[in-house]
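Below, each chain spelled out in residue letters.
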Number of protein chains: 2
Amino acid sequence: MPIRTGPVVVPAAVIKRLPMYYRYLQVLVDEGLERISSRELSQLMGITSSQLRQDLSYFGEFGQQGYGYKVTELYQAICEILGLEKQYKTVLVGVGNLGRALINYQGFSRRGLNLKGIFDNNPAIIGENINGFTVRSVEELRPYLQKEGIQIGVITTPASAAQEIADILIAGGVTGIWNFAPQHISTLEDVIVENTHIGDGLLSLFFKMKHQERLELK
Amino acid sequence: MPIRTGPVVVPAAVIKRLPMYYRYLQVLVDEGLERISSRELSQLMGITSSQLRQDLSYFGEFGQQGYGYKVTELYQAICEILGLEKQYKTVLVGVGNLGRALINYQGFSRRGLNLKGIFDNNPAIIGENINGFTVRSVEELRPYLQKEGIQIGVITTPASAAQEIADILIAGGVTGIWNFAPQHISTLEDVIVENTHIGDGLLSLFFKMKHQERLELK
DNA sequence: TAGATTGTTAATCGATTAACAATC
DNA sequence: TAGATTGTTAATCGATTAACAATC
């Protein structure tokens, strides 16, 4: 789905690449690099310089002719575009294997995800402590959301429970859902659902390995 | 990159959707559903029935006019297409936060990823036991690969180490690399690299939430 | 200034969708 | 048989790339 920012419509394909720009620029900032050209950056990333410049043009003018881009300036611009200045209060629902992995992974707090509570419907694990979070009953979810002003819900339940949980999250005022369940989530218009399936990349890898000898040489 | 299977060239966009078909069909098989039409399945998945039928047509004819698809048959066909009948011997390099999360996550073994060894260069954690795996020194990686006949390497190191590790993996005979580092990996022609960045979905969610009021209504 | 590199236009390329003949 | 639904064609739509005037 394309997005309108001011008078400009940003294509879906461009939005999907923004996090990639963020990742690469973060590394370059850490390395202390001062300037980079679209040609150099695009080569690092394995895309064309044309695409890089075209993508950035949807958001403004960030470079200087004959010079290129100042790395920290471009990085900050991308952070601003992505909305990384904010912190989002978040709950996670579904403390299975995947849920536990995500709770233990610190990478998201760096990006502004502020995990407040974790929930499950399995009595056997309610009360358990994981990485400093106590597992709460799903029964408590609905009131918790409003009391704490939760903005984002992470769904790591089985497919069968995902829509039901999404409905509770939405009723509780959440405006963003990060869904890991293999289930399409239906929502009202003003709730954003983002689907992530970490196993998908592995299956693509298997497919390409299987058909390796028949890879198009292009 | 499109892939040629037999006489047919499969578009990259189709390959990216194959794991999604796998996920949804797996759920339907578990639920014991016998038949489904392209219209029903596509609605579940949030795509058009046209796209579903078009996608499948690159691999053969799996349905019956007037009836639809037999769920288990279609599921098995997708498994076959993805190459899920095999097991792949795998190592993981980089036992940081993300690496630990992946080692603890059981979801991959179900799909045919057979983790054999885990490696890091930090002396402080070499010898540590994680989910039944002992952390080995990266020094041992190269000989280990050949001795064990490892086929896939998972890279969860910082960006700065990723290419160096990839070179060792390739020299050791690995033909598939699943890269989680924010670093483009250069390889020889017959090594497949698949990049996965779990944080990207979160950033897309932030972006869309920030620009929510300006969403294209379409 | 001369060389480098941007931002943008327009052409090309690829992906999606609508529509329908074929047929179970 | 009649109704339903596939597989496929062709048209539409969107994304990528090449090229270059503008300019630092």
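Residues numbered from 1 in each chain as written. Chains lettered and ligands numbered in written order. Predicted model: local features only at pLDDT ≥ 70, side-chain atom pairs only at ≥ 80, totals over all residues. Heavy atoms only, no water.

### What to know about the sheet that holds strand β11 (residues 192-195) of chain A
Residue and element names in this part refer to chain A.
Right, so step 1: Taken together, the seven strands give an open sheet; going across it, the order is β7-β8-β6-β5-β9-β10-β11, and neighbouring strands pair in mixed fashion. If you trace the sheet from one side to the other, it starts and ends with β7 (129-130) and β11, each paired once.
Right, so step 2: Looking at chain direction, strand β6 (residues 113-120) and strand β8 (residues 133-137) are connected through three bridges and run parallel. Bridge pairing in β8 links D120 to S137.
Right, so step 3: Each of β5 (88-93), β9 (152-155) and β10 (176-179) is contacted by helix α7 (residues 159-171), which is oriented at about 170° to β9, the strand it contacts most. (Pairing = 2+ DSSP bridges. Helix = DSSP H or I, 4+ residues; strand = E, 2+ residues; numbered from the N terminus. Contact = heavy atoms within 4.5 Å. Axes fitted to C-alpha atoms, helices over the stretch in contact; angles between N-to-C directions.)

### Topic: the environment of B:Q64
Right, so step 1: For B:Q64, the location among the structural elements is in strand β4 (residues 63-64).
Right, so step 2: Each C-alpha atom, one on B:Q64 and one on B:S37, is 9.4 Å from the other, the two residues being 27 residues apart in sequence.

### Things to note about the relation of the copies chain B and chain A
Right, so step 1: If you rotate chain B by 180° and push it 0.0 Å along the axis, it lands on chain A with an RMSD of 0.0 Å. What the superposition gives is, in effect, a two-fold axis relating one chain to the other. Among all C-alpha atoms of chain B, that of B:A101 lies closest to the rotation axis, at 2.3 Å.
Right, so step 2: Mapped onto chain A, 100% of the interface residues of chain B are again interface residues, and the two copies thus contact each other with one and the same surface. (Least-squares fit on C-alpha atoms with pLDDT ≥ 70 in both.)

### A look at the interface of chain B and chain A
Right, so step 1: Across the boundary between the two partners, chain B contributes 72 residues, which contact 73 residues of chain A.
Right, so step 2: Between the two partners, chain B and chain A, sit eight salt bridges.
Right, so step 3: A:E194 is the partner of B:K208 in a salt bridge, and the nearest nitrogen-oxygen pair spans 3.0 Å.
Right, so step 4: Across the chain B-chain A interface, the total number found is 16 residue pairs in polar contact (both at pLDDT 80 or more).
Right, so step 5: Among the elements of the structure, β1 (3-5), α1 (12-30), α2 (38-45), α4 (71-82), α5 (97-104), β11 (176-179), β12 (192-195) and α8 (199-210) of chain B are those that each provide at least two residues to the side of chain B that touches chain A.
Right, so step 6: No other element matches the 12 residues that α8(B) contributes to the side of chain B that touches chain A.
Right, so step 7: Taken together, the residues of the side of chain B that touches chain A sort by class into 39 nonpolar, 20 polar and 13 charged. (Salt bridge = Lys/Arg side-chain N within 4 Å of Asp/Glu carboxyl O. Polar contact = N/O pair within 3.5 Å; in protein donor to acceptor, adjacent residues only side chain to side chain. Nonpolar A, V, L, I, M, F, W, Y, C, P; charged D, E, K, R; others polar.)

### Considering the domain arrangement of chain A
Right, so step 1: Entries for chain A in the domain assignment read domain 1 (3-81) and domain 2 (88-200).
Right, so step 2: For domain 1 of chain A and domain 2 of chain A, the distance between their C-alpha centres works out to 31 Å. (Domains from an automatic or database assignment.)

### Focus: the UniProt feature "DNA-binding region" (unreviewed entry) in chain A
Right, so step 1: Cross-referencing UniProt, the feature "DNA-binding region" (unreviewed entry) maps to residues 20-59 of chain A in the present numbering.
Right, so step 2: Helix and strand shares over residues 20-59 of chain A are 70% and 5% respectively, and the end C-alpha atoms of the span are 16 Å apart. (UniProt positions renumbered as here; feature names shortened; annotations may be inferred.)

### Observations concerning the UniProt feature "binding site: NAD(+)" (unreviewed entry) in chain A
Right, so step 1: Look at the UniProt record and you will see "binding site: NAD(+)" (unreviewed entry) annotated at A:G94, A:V95, A:G96, A:N97, A:L98 and A:G99.
Right, so step 2: Locating A:V95 in the fold gives a position in the loop between β5 and α5 (97-104).
Right, so step 3: Mapped onto the elements, A:N97 comes out in helix α5.
Right, so step 4: Non-local contacts of A:N97, meaning those with residues more than four positions away in its chain, are made with B:N104, B:Y105 and B:Q106.

### Quick word on the pairing of strand β6 (residues 88-93) of chain B
Residues and elements named next belong to chain B.
Right, so step 1: By the criterion of burial, β6 is predominantly enclosed, with five of the six residues buried.
Right, so step 2: Note: β6 against strand β7 (residues 113-120), six bridges, orientation parallel. When the sheet's bridge partners are listed, V91 is paired in β7 with G117.
Right, so step 3: A crossover connection joins β6 to the parallel β7 through α5; in handedness this β-α-β unit is right-handed.
Right, so step 4: Note: β6 against strand β10 (residues 152-155), four bridges, orientation parallel. Following the sheet pairing, V91 is matched in β10 by G153. (Buried < 20%, exposed > 50% of the residue type's maximum accessible area, 1.4 Å probe, protein only. Right-handed = clockwise from strand over helix to strand, strands pointing away.)

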